[in-house]
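Below, each chain spelled out in residue letters.
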Amino acid sequence: MRSGPTTLPRQNGREDTLEPRHGSNEDASRPEPRERYTRPKQSALIRMGKRLRDPVNRWFARQSLVGDEAILPASHLPCLDELQREWHIVRQELAPLLVERRSIPAFGKLSPDHRRIANSSAWKSFFLEGYGFKARENRARCPQTAAMLDRIPGLVVAFFSIMEPGTHVPRHRGLTKAWLNCHLGLAVPRGPGRCEMEVNGTPLRWAEGEWMVFDETNPHEVWNETQEPRVVLFLQVRRPMRRSGRMAARLLYSIIRRTGFVQDVRKAIAA
């Protein structure tokens, strides 16, 4: 398995393209009006979790079986192999969704807790699974992708992350080292314009058909300044850890699963 993209200026040499990138009709390619969202007040549990995250994450780092680097090789997660081998199937199932992507909800609309970094409709998310809750109708539209996701042990979250032209996700960091963020490149604009992520000061570029794996507790920021959408399959997968780390991660998973952080997304998808 290839380790996936690391640092710029690596370029993707593939000649195949996702058709249609903007869709097959005039409506799909016309610029979409941008909605903006206001972030609600965070719950006391989320605020407490953020105060505790640094000491807890230092402990999780000591439990890690794959080190504590900001950017990790995908080979540390063999569970990702099948999706990489069959990435063309994933992209085929994505193609009709992109044609009608105006109907795909914005990430910030689904997850109010993320509105500081996703405060407009420019960042869309087609959810497949999160914290054990499955989006049945969405999965039915991507059955082969969904079947491969079901074979990933320790899967926490899975969705298609669509960033429209002009999207900027400001610098931020995630909550826990208990799981790792994994991006499978599906539609990566070649430019002109910037389309990249910066993790802990290191610039990265996605490559179609390859994984990018990183620890979200490091500061990271994202840009798509091109004229085309950037799409990745976004997964969170439990970090390989020693037994005590795995037990603590399961407890954390169970707690977060019951908070508004997850339940708000679940209700929005059901609606």
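All of these numbers come straight from a predicted model, not from anything done at the bench.

Asks: Is there a simple way to explain the sheet that holds strand 7 (residues 195-199) in this structure?
Replies: Backbone-to-backbone hydrogen bonds pair the strands of a sheet. The strands run either parallel or antiparallel. The antiparallel open sheet is built from four strands, whose spatial order is 5-10-7-8. Looking along the sheet, the strands with just one partner apiece sit at the ends: strand 5 (167-172) and strand 8 (202-204). Each neighbouring strand pair of the sheet contributes to a mean axis angle of 15°, computed without reference to strand direction. As paired elements, strand 7 and strand 8 share three bridges and run antiparallel to each other. If you follow Met197 over to strand 8, its bridge partner there is Leu204.

Asks: What should I look at first to understand helix 7 (residues 143-150) in this one?
Replies: Owing to its 3.6 residues per turn, the α-helix aligns residues three or four sequence positions apart on the same side. Buried within helix 7 are the following residues: Thr145, Ala146, Met148 and Leu149. With its buried residues spanning 160° around the axis, helix 7 presents them on a single face. Elements that come into contact with the buried residues of helix 7 comprise helix 3 (81-85), helix 4 (87-99), strand 2 (123-130), helix 6 (136-141), strand 4 (155-163) and strand 11 (230-238).

Asks: Would you take a moment to explain the nonpolar core for this structure?
Replies: Across soluble globular proteins, you tend to see nonpolar side chains buried next to one another. Membership of the largest hydrophobic core comes to 34 residues, with the highest contact counts inside it found for Leu83, Phe160, Trp211, Val213, Leu233 and Leu235. Elements supplying a minimum of two residues to this core: helix 4, strand 2, helix 7, strand 4, strand 6 (179-187), strand 9 (211-214) and strand 11. Within the second largest apolar cluster, 32 residues are counted, among which are Phe133, Phe159, Ala178 and Met197.

Asks: How should the sheet that holds strand 4 be read in this particular structure?
Replies: Reading across the sheet, the seven strands line up as 1-9-6-11-4-2-3 and stay open at both edges, with antiparallel pairing between neighbours. Sheet topology places strand 1 (71-72) and strand 3 (133-134) at the edges, where each strand pairs with a single neighbour.

Asks: Help me understand the confidence of the model for the protein, please; the structure alone is not making it clear to me.
Replies: Note that predicted coordinates carrying low pLDDT should not be read in detail. For the protein, the mean per-residue pLDDT works out to 85, and 78% of the residues sit at or above 70. Low pLDDT (under 50) marks residues 6-28, which in the prediction has 61 contacts with non-local residues, meaning those over four places away or in another chain.

Asks: In this structure, what is going on with the packing of aromatic side chains? I would like to understand it.
Replies: In this description, an aromatic ring pair is defined by two values, namely the gap between the centres and the angle between the planes. For the structure shown, the criterion picks out seven aromatic pairs. Ring geometry for Phe127 versus Phe159: centroids 4.6 Å apart, planes at 25°, classification stacked. One end of the pair, Phe127, is in strand 2; the other, Phe159, is in strand 4, with 32 residues separating them in the sequence. No difference in accessibility class separates Phe127 from Phe159, as the two residues are buried. Of the aromatic side chains, those joined through ring pairs into one cluster are Phe127, Phe159 and Phe234. It is Arg230 that lies over the ring of Trp206; its NZ or CZ is 4.7 Å from the centre. The positively charged end of Arg238 is found above the aromatic ring belonging to Tyr253, 4.4 Å away from the centroid.

Asks: Before we go on, may I ask you to explain unusual backbone geometry in this structure?
Replies: Negative phi values dominate among residues other than glycine, just as trans dominates among peptide bonds. Unusually for a residue other than glycine, Tyr131 sits at a positive phi of about 50°. Even without a glycine there, the phi angle at Asn200 is positive, about 50°. Summarising the element assignment, Asn200 is placed in the loop between strand 7 and strand 8.

Asks: Would you take a moment to explain the pattern of salt bridges for this structure?
Replies: Between side chains of opposite charge, a pair can form as their charged atoms come close. Within this structure, the stated rule accounts for 13 salt bridges. Measuring nitrogen to oxygen at the nearest pair gives 2.7 Å for the salt bridge that ties Asp68 to Lys177. Residue Asp68 is found in the loop between helix 2 (44-63) and strand 1, and its partner Lys177 is found in the loop between strand 5 and strand 6; the two are separated by 109 residues along the sequence. In this structure Lys177 comes out as buried when scored by relative accessible area, which is 9%. Note that Asp215 and Arg239 form a salt bridge whose closest N and O atoms lie 3.2 Å from each other.

Asks: So what exactly am I meant to see when it comes to the environment of Leu110 here?
Replies: Mapping Leu110 onto the fold places it in helix 5 (residues 107-110). On the basis of relative accessible area, Leu110 is assigned to the buried category, the value being 5%. For the pair Leu110 and Ala268, spaced 158 residues apart in sequence, the C-alpha to C-alpha distance is 5.5 Å. Ignoring sequence-local partners within four residues, the contact set of Leu110 consists of Pro105, Ser125, Phe127, Asp264, Val265, Ala268 and Ile269.

Asks: I tried to follow the side chain of His220 on my own but got confused; where do I start?
Replies: Looking at where His220 falls in the secondary structure, it is placed in strand 10 (residues 220-224). Judged by its relative accessible area of 4%, His220 is buried. At a separation of 2.8 Å, a polar atom in the side chain of His220 contacts the main-chain carbonyl oxygen of Asn218. Ignoring anything within four residues of it in the chain, the contact list for His220 reads Pro170, Arg171, His172, Arg173, Gly174, Glu198, Val199 and Phe214.

Criteria and cut-off values
- Residues numbered from 1 in each chain as written.
- Predicted model: local features only at pLDDT ≥ 70, side-chain atom pairs only at ≥ 80, totals over all residues.
- Heavy atoms only, no water.
- Pairing = 2+ DSSP bridges.
- Helix = DSSP H or I, 4+ residues; strand = E, 2+ residues; numbered from the N terminus.
- Axes fitted to C-alpha atoms, helices over the stretch in contact; angles between N-to-C directions.
- Buried < 20%, exposed > 50% of the residue type's maximum accessible area, 1.4 Å probe, protein only.
- Arc of directions from axis to C-beta.
- Contact = heavy atoms within 4.5 Å.
- Core = buried A, V, L, I, M, F, W, Y, C linked by side-chain atoms within 4.5 Å.
- pLDDT = per-residue confidence, 0-100.
- Phe/Tyr/Trp six-rings, centres within 6.5 Å; stacked < 30°, edge-to-face > 60°.
- Lys NZ or Arg CZ within 6 Å of the ring centre and 35° of its normal.
- Salt bridge = Lys/Arg side-chain N within 4 Å of Asp/Glu carboxyl O.
- Polar contact = N/O pair within 3.5 Å; in protein donor to acceptor, adjacent residues only side chain to side chain.

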